[in-house]
Structure formats: structure tokens, C-alpha cells
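Letter by letter, the chains look like this.
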Amino acid sequence: MSVRKSIPVVRHIIRDSDLGTRPDLHTRPVDLNHVVNLLEDRFSCNLVDRHLHALKRVVKHYQFGFPIKDLVQVFKILNLCAEKVRDQDAYIQPICEVLKLCGLPFLKEKSSDESNFAQVVSESISQMGYLLRVPSAEVRLQICDSIMKLYSKEPPKQEFEDLLTINTAFSEYYPTSKSYNMQMIEESGVVETLIMGLTLVGSQPEVKLRIIQTLQCLSYSSAMNCNLMLNAQAASKICRSLNDPDPSGQLLFRSSEVLWNLLEQASKKELVNQLSNFECINALKEAFLNQMVNGYSHSDRQLRNDLLIITTSLAEHPLVPMIETGFTKLLIMFAAFPEVKSHNPLVHGLKISSSNEDFEMKKIFFNLLVALINDLASIQLLSEGEALLALFHYVKPNENPGVRYWSPAQFEELQLHALATLISLAPVMVDDYMNCQGNTRMLLLLDWCINQDPYFGKGNSFHAAGGRGSKKAQMHYCLRLLRSMASLGEELINQNLYDQGVIPQLLDVLKGMTNSLEEETKINLDMQTDILIILSSICEHDIHRKELFGAFGVEIIIKLLKIDPNKFYSGIGHNRLLLSTVDCIWCCIVGCSTAEDSFLEMGGIFLLLSFLEASSKRIHNLILGTLLELCDNSKTIHHINVWRGKNDSTAASLLLYLWREEEKEMRVKRDAEGRILDVKKPLIGITQDEYGITTLPANCLSPAVIDVSENSRVKIYSIFCKLGFEDLPGLSAHDYITLAIVHRYLDFKVGGVWNEIEKEFKQEAVHPTILDLESMHIITKHYENLARQVAQYQTDILENQQIQILYDEQQMYAEIEHNHKQRELFKKSWQKYVARTSNHEILKKAKKDQEHTIESSKFKKKGLNINFYKTQIGGLYTTGFWGRLVTIESTPPELLGGPLSPVNLKIKGTCRNGAAMKNADAGNENKNKSCSVSIK
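Conventions used here
Residues numbered from 1 in each chain as written. Predicted model: local features only at pLDDT ≥ 70, side-chain atom pairs only at ≥ 80, totals over all residues. Heavy atoms only, no water. Helix = DSSP H or I, 4+ residues; strand = E, 2+ residues; numbered from the N terminus. Buried < 20%, exposed > 50% of the residue type's maximum accessible area, 1.4 Å probe, protein only. Contact = heavy atoms within 4.5 Å. Areas by Shrake-Rupley, 256 points an atom, 1.4 Å probe, with all protein chains shown as cover. Patch = residues over 30% accessible without salt bridge, like charges linked within 9 Å, V, L, I, M, F, W, Y side chains within 5 Å. Salt bridge = Lys/Arg side-chain N within 4 Å of Asp/Glu carboxyl O. Arc of directions from axis to C-beta. Axes fitted to C-alpha atoms, helices over the stretch in contact; angles between N-to-C directions. Nonpolar A, V, L, I, M, F, W, Y, C, P; charged D, E, K, R; others polar. pLDDT = per-residue confidence, 0-100. Phe/Tyr/Trp six-rings, centres within 6.5 Å; stacked < 30°, edge-to-face > 60°. Lys NZ or Arg CZ within 6 Å of the ring centre and 35° of its normal. Polar contact = N/O pair within 3.5 Å; in protein donor to acceptor, adjacent residues only side chain to side chain.

**Points about the overall build of the chain**
Scanning the chain for helices and strands turns up 45 helices and four strands. Counting over 936 residues, the chain shows a buried share of 45%. For the chain, restricting intrachain contacts to residue pairs at least 6 apart in sequence, the fraction spanning at least 24 positions comes to 76%. In the structure as shown, the chain presents an accessible area of about 52,000 Å², 53% of it carried by carbon and sulfur atoms.

Structure, rendered in C-alpha cells:
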């Protein structure tokens, strides 16, 4: 019988905690691969206690965060635990603890770890979102908390350094930055997973609220997250759940914040597409109505305003079913309350106070009314809801507004906002505008604006910019509204304005502005521009209104034309003012003989031409059109010919310069001297030629015809037709070369049209008859020959110019040669004179020569009745040539009456008869001087 060996029973167990209490012993490092194998191995897959113990060690070891390089094993462990939760709830707590550590910043050993492990980090965060599949509210809440903490919390560097120093295993690690964590969350696309997770938590309102809160955090400042959310249909899903049961009362608030963030950061078009369905709009309608009727607290009213802003953004798009759901009608009713009374039970008991929330709501409603008109079907509902009448409630003087629940500052801001809203609504609701007597209301407000009563505007809003302490803001929007209505061209509106005396009233206002010494500001220039546009709209087609505009209006226009054209680019509105001034000349002066005569008498044509010379190309077309219209008046031609510009240039020279600049921009083929290079296309630019000929329907204009309206050449040609093409002052040879093309503009344009016809036939494979083809060839050849003749004429001009230049050069040289000869002769004469005065022999010889010349010039035959006198003065011993010298004393002052006496005295009479001076007045006796008169 064999002896059995006894196996001792060990009853003492040494735990890790016991080892940790010994100062000379350390815990073994956690091997994540060992933990993964423990969870995966089929022999240890059911050892729950060992699994939990291993997970607890992992949590304790990585209590300061996970290194980036270990994230793959960490999330592999989490996924394995998530699979085991179905059979064992004990894994929920370790999962939450590990997820809590995932909310800490990740750890890196060196800076390059962030870029090297970027893909690992983004995929790990994405895996965190997929853990929402775990059917545990605790796990889902922890996932949301970790993501929010990782995204929004800045890692405390000093605290991390102190903690990591304690654990020597992580002493060389330091946390990733907040910006890096945010970037990784964006690249992971975890927001899409969160959106999809909303469908999994329908029975867990707390989890649903936490997911919405996480989405609010992630969408606050990240456009990338917002677009990813829209890709997962976030707007539609969140909007449908606005009215879900919510014990906490935060779901609607946080959902509206998410929608607001999507509206600001993401694609608005995609957002509108997701919300353009009945279910979403009905949910938004129900949420807003509940807050509007039942909300009383400060936060409820703020939430109501947020929902109203979101609704306003949706109302701008006609595809959103606002009308079909009845939302539009409901909004119009609330927008017009309490200015328009309603019997709807929803507004019974509804009170609007002067609180900031209700004040903001009123302004948002004004914006909503503007947004609704984008859908033309809403205009009828606006009319039925009397929206204009509610807005006109604020169009009244501010001294006695008659509104008890608004402060003066609030009423002023609402007044300006209402006027700005009317500018958009009134033009599409003309009948309602006239039924509300809109013109009368606006003119009364304008009278209040221009009177001298003091008013101190608050100026504390966007619409009150530039009007603080005055009525300028009200006047600005009043004129802007009148401009919007007058520009419609509705004769009923313009006639009503004319009947109420708007023309003299606006002219008085405009004169006051132009004569004011106040500094030019944007609001002042805008008001002057609006007045000019109103006057242009009213006077354009009525001669009697132009006569009423008359000389008084012309005087103001003349003053405006004197504005320095260099201010066109000032940036405060001079460009619009100058354009509207020229347009006002066209609409209010042209066509009325009395106004045109006043314009000419005041030098209007001179100012217009000077403005044309100094202005930019953008307004040349308008100025030339105005000049062309004024040329119908025969007096205009003389004014144009008389005008002189810079460097003494003439109007004809200026027009030809503008023609050349126009062709230079069109890239028309010309040589350096401006001659025609392509006789087949004398007017067509390179750009138009490269575009080619395209097949167009019969009712469409061809490129050659469209070219007439696209540039100013036809207007220049028409003005020259009025001025004539001959005897034009101040033209150079270069100008005459251009004038030859201008003269034949109409012929060249007709030839261009025939060339287009020929090319279109070839392109469309149309074969005309032989006779038509021959006729077309004859016509095109005729215009080509005409272009050749013009080109030859231009060459002749250049040759004649060259000949003239050579002739002028020869004349210049001849003049220079003559001047040199005169200098030589003068030099020789001077030398002879000096020689006579210094050498007696030369003087005697000169005298003999003189005597000989005198003797030879005498008449030889002496007559009986002829007396001969000596030509020499006896006893003369000087070398100069002298005449008779007579000394005459001045006439006594008593005869002349002073040096400035108007008495008409004649020298001969004075010498012969001194008695004639006796009747003159006595003068100044102290001014007697002697004078010498040389008689030759």
C-alpha cells in the first residue's frame, strides 16, 4: 500500500492592496493586452469577478487619463464589456468609470503624438458614441458627460503636472490641448452618432435631454459639427420632438438653442429643406403658441422670442408650408396686436408690457412681416390682418404718441422700425396703403420733421443711426418710404402726392439742405438723393409737373451740379446724389421749354459738360443721354460749342475722346493713329468677335443690335448729328480721324447687321436664292468699300498733317534764320556807330557818303515855282542825328481843374488860343511840371 503525500492547504491570501501597503513594494503595471485576453478568452469569459477586478485596476492605474497610444486597447475593452452587459449588469459600473476617464484630456509623451495618433483618437471618440447602443441610462448619460467635458473643458496644466508627478509611471506624460480635443471630436463625427441615438432613447427622457444638451455644446461654435448634424437629419428630428413630455422643462429650451446654432453655423438651405414639412411646422407652431399664450416668466418670454426668430428665418422661404398649417395667419394676428383689435380667443387676456422681452418681440414681429412677403400668397393674409394699419399706428409725431405702454425711447425705435417695415410692405400692398391714406400720413410726418420745434431723439437703435438729438432719422425713413411708393410708377399714387403739393414741399426741403452749412453726412446725402428720386418719379411723364418744378427747382439742380466730381468715391453717398441729380435733369427739366431755358441761362450745359469731363466712366452714358435730350432745344447747340474745358478743350474734342476710350475698352481693332484696320468689322470689338454668332430666335436681338445699348457710341453719334460734322472748333488731326468713323457709324452698323445675317445663314445651312445672294454680296461689298474709303480718308488726314508739320517746321527754321540775320545786321550797325563816335576819319567819310546820297537823291531839273530848302543844320558839331526840340510849359492848374479834370482839351487849341481855358475850374497849384515834346 503506497503512502499518499499530504498537500498542505494554504488559507492565507495576499492581495494587491496588501502589497501596496508595503513601502518597499510597488503594484505591478497594468497590461491592457492581458485584460483584453482575459475578456476574450473562452476559458475565462465567465469569470466575472476577475473581469471586474481587472477593470478596477485599469481605472485606478489610469486615473489621470489614458495615453493616446493605449486608446485602441481601452476601447476594445469597452466594446467587450458592452457585449457582456446583455447578460450581466455588473459591467455597467466599470464601463461608466472607464468612460468617465475618457472625458479627461488624453496623455501624450511628445508633441508629435497628436499628429501621429490623430486617426486613433478620432476613431476612439467615434467608438465612444457607438456605445449608446448599451441599454443603460447610466452609460448613456456618462457618454454625454464625457464628450461634453472633453470638448469644452480646458485641461488644468499645473494640476495635471502635480498629479502626474505623484504617479511615476506617467511622469513623462502631459495632456492634449482643448483645441486638439475639439478638432478630434469634429473629425470623429460623433455628433452624427448622437443624432441617431435620439431614436434609441425615446423611453428615457433624461437621457434624451442629456443628448440634446451635448448637441447644444458641440454645435455652439463649430460649423463642421453643425453640418454633420444636418447630414444626420438633426433639424427634422429635433423639431419633431419639441413638444415631447419633459419633466425637467428644459427640452424645448435646449432644442431651440440647437436649432439656433444650426441656423447660424450650418447650411441654411439644408436646414430649410429638413423643416419644410407639415410635422415640423406644426410642432414649431404648437411650441410657439404655448409660449405666447401661457408663458409669463422671464425665461418663457425669452424662449418665445427665440422660437419667433427661428420662425422668421423659415418664413423667408416660400417652400415652407407656413400658410398651409395656419401658422402665417396666427403670426399676423399676434403681430398686429394690440394696434388692431381681434375677436380671436387666443388674444383675450394677452397683455403686451414695456418689458425688454415684449419690446424685442414687437421688433421681431416687424421683421417677420417683411419675411412673409417673399411668399406672394401671404400678401392677402397680410391685407386681411390689417398689417399696414397696425404699422401706421406708429407713424405719428413723437410729442403725443398716444401709446401708454411704451416709453418715449421705445416708441421712437418702434416708430423707425415700423417705417422701415412699411418700406418693404407698402409697395406690394398699394390698395391697403391708399386705404390707410398713406401719403397724407407721411406728408404730415414730414411736416413735423421739418418744423423748428425742438426734439431730442434718443438715437439708440440701428434705424436711428445719424439722427440722435434730432428728427433726421424719422425724416430719412419718411422720405425713403415716399421714394419707394413714387418709384412704383403708379399714377394714382403720384397724382395723389402731386395734388397734396409734394413738389414745392420737397423743393423747399431740398433747398434748405443745400444751403445748410452743416457738415455733409451720409444721412443728409441719402435724404437729398431720395428727394431727387421722388421728384423724378412724379415729374417724368407730365409737362405740367415739370412746369411746377420750374426755375426754382433748376436753381437747386445747378447748385448740386457744382459738387466736386472727385467726391464720387467718398463713400458716404455722393455717387448716388450725383447720379440722381443727372436723372432729375432728364425727368424734371428735359421736355419743358421754360425749365430748359432756365437751365441754359444758369449755365447748366457748361456744368453738365464739365461734370462729363471730370466724372468716371460709369455715369457717362447717363450724362450723354441727358445731353442728347437737351440738344432738341436749338439754344443748346450754341452752349455746347462755346464750352471750354481743361486745357481749353472743346465739347467736340471731349466727345471724340470718350469715343476712343469706349472703343479701347471694347478692344476694337485700330492702329496706333486710330485708323480702321478691319474693313469688314469696323465697329466690332475683339471680345464680341471671339464670342461669335449664335443661332437665336427671331424675337431676340442680335449682338450688333445689343451693342447699341451696351455702350455710349450711339449717343455720341446722335449728339454729333445735332452739332454737325463740319466746322467744329478745337479739333486735332487725331480727332478728325475719329470723327470720320463717327460720321459713318450708322452705315457701319448696318453693314455689321448684314454680316451677321450672312454668317447666320451659313451657320444654319440656309441657302438664299441667287438673286438674294447677289444682292447681299453687293450690300456687304458696298459697306466694305465705304470702310476702305474712310480708312483712305484717315490716311490722307495723316499725310496732310505730316505735310503741315513739315511746312510749319520750315517756317520755324526760316524765322530762326531771319532772326539770326537781324542780329548780325544790328551787330554791324552798332559796330559802325561805335566806329563813327571813336574815329574822326571814319566820321568824315560817313558824312561824305551821306552828302553824296543826299545829292544823288535830289531832283535835277529846277522848276520856276519850286522852293528848295537846306537839309542840314548849320553849326552842328555832334555825331548824333537830332530833330527840332521845343520846350513847352505845362498849362496852369486853374485852367485844367486838376490832373483828373474831365475837360476835353486839344493841343492845337491850347497853343493858339489860351483864352479858351479861362472857364476851367481852379486846380491844385502845387503840381506844375514842365514837359518836352519832340517834334520830328
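Moving on from the coordinates now.
**Digging into a nonpolar patch on the surface**
Nonpolar side chains collect at one region of the surface, where F826, W830, Y833 and V834 lie side by side and expose about 460 Å² of accessible area between them. Position of Y833 among the secondary structure elements: in helix α42 (residues 770-838). Overall, the relative accessible area of 39% leaves Y833 in the partly exposed class.

**So, helix α27 (residues 491-499)**
Turning to α27, its buried residues are I493, N494 and L497. The arc enclosing the buried residues of α27, seen along the axis, measures out at 95°, which places them on a common side. Exposed and facing more than 90 degrees away from the buried side of α27 are L492 and D499. A positive phi of about 75° marks G501, the residue just after α27.

**A look at the packing of helix α38 (residues 703-710) against helix α41 (residues 745-763)**
Across the interface, α38 lies against α41 with an axial gap of 9 Å and an inter-helix angle of 145°. Together, P703, A704, D707 and V708 of α38 and Y745, K749, V753 and E756 of α41 make up the contact between the two elements. Considered class by class, the residues forming the contact of α38 with α41 number five nonpolar, no polar and three charged.

**Let's talk about the confidence of the model for the chain**
The predicted model of the chain averages 84 in pLDDT, with 85% of residues at 70 or higher. Contacts from residues 1-27, a stretch scored under 50 in pLDDT, to residues over four places away or in other chains number five contacts. Ignoring residues within four places in sequence, the model shows residues 900-936, a span with pLDDT below 50, making 40 contacts including any to other chains.

**Re the pattern of salt bridges**
For the structure shown, the criterion picks out 39 salt bridges. Here D530 and R483 are joined by a salt bridge, their closest N and O atoms 3.1 Å apart. Of this pair, D530 sits in helix α29 (residues 522-539) while R483 is found in helix α26 (residues 472-486), placing the two residues 47 residues apart along the sequence. Residue D530 is classed as buried on the basis of its relative accessible area, which comes to 1%. Here R744 and D747 are joined by a salt bridge, their closest N and O atoms 3.0 Å apart. For D747, a relative accessible area of 24% corresponds to the partly exposed category. Each of E663, R670, D707, R713 and K749 takes part in one network of salt bridges that share partners.

**Some details on the side chain of N261**
Within the secondary structure, N261 sits in helix α15 (residues 251-265). Apart from the residues within four sequence positions on either side, N261 is in contact with Q216, S219, Y220, C226 and A266.

**Structural notes on unusual backbone geometry**
With omega at 5°, the peptide bond leading from F337 into P338 counts as cis. Positioned with a positive phi, Q233 is a non-glycine residue whose angle comes to about 60°. Considering the arrangement of structural elements, one finds Q233 in the loop between α13 (223-231) and α14 (234-240). A residue is classified by how much of its surface remains accessible, and Q233, at 36% relative accessible area, is partly exposed. Here Q437, not a glycine, exhibits a phi torsion of approximately 55°, which is positive. Position of Q437 relative to the elements: it lies in the loop between α24 (430-435) and α25 (438-450). Residue class for Q437 comes out exposed when judged on its relative accessible area of 53%.

**A closer look at the packing of aromatic side chains**
Evaluated as defined, the whole model comprises 13 aromatic pairs. Both rings, one in Y62 and one in F66, keep their centres 5.2 Å apart while their planes meet at 40°; by these two values the pair is tilted. Looking at F66, the relative accessible area reads 1%, which means it is buried. Ring geometry for W659 versus Y745: centroids 5.6 Å apart, planes at 85°, classification edge-to-face. Placement of the pair is W659 in helix α36 (residues 651-666) and Y745 in helix α41, with a sequence separation of 86 residues. In terms of burial, W659 and Y745 fall into one category: buried. Counting every residue linked through ring pairs, the aromatic cluster contains W659, Y717, F720, F725 and Y745. The aromatic ring of W448 is capped on one face by K471, whose charged end is 4.8 Å from the ring centroid. In this arrangement the basic side chain of R713 is found over the ring face of W659, its NZ or CZ atom lying 5.8 Å from the centre.

**With respect to the environment of P175**
With respect to the helices, strands and loops of the structure, P175 is situated in strand β2 (residues 174-175). Distance in space between the C-alpha atoms of P175 and P67 is 8.7 Å, their sequence separation being 108 residues.

**Regarding helix α2 (residues 32-40)**
All of the buried residues in α2 are L32, V35, V36, L38 and L39. End-on, the buried residues of α2 take up no more than an arc of 160°, which puts them together on one face. The elements touched by buried residues of α2 are α3 (48-61) and α4 (71-84). For α2, the capping residue at the N-terminal end is D31, with a side-chain oxygen 3.2 Å from the backbone nitrogen of N33.

**Considerations on the environment of S355**
Tracing the backbone through its elements, the reader meets S355 in the loop between α19 (327-335) and α20 (356-372). Residues S355 and H298 lie 57 residues apart in sequence; the distance between their C-alpha atoms is 9.5 Å. Aside from chain neighbours lying at most four places away, what touches S355 is R301 and Q410. Reaching out from S355, the side chain makes a polar contact with the side chain of S353 at a distance of 3.1 Å.

**Describing the environment of E339**
Of note, E339 is situated in the loop between α19 and α20. The class for E339 is buried, based on a relative accessible area of 16%. For E339 and A387, which are 48 residues apart along the polypeptide, the C-alpha to C-alpha distance reads 9.4 Å. Apart from the residues within four sequence positions on either side, E339 is in contact with K362, A390, H393, Y394 and Y405.

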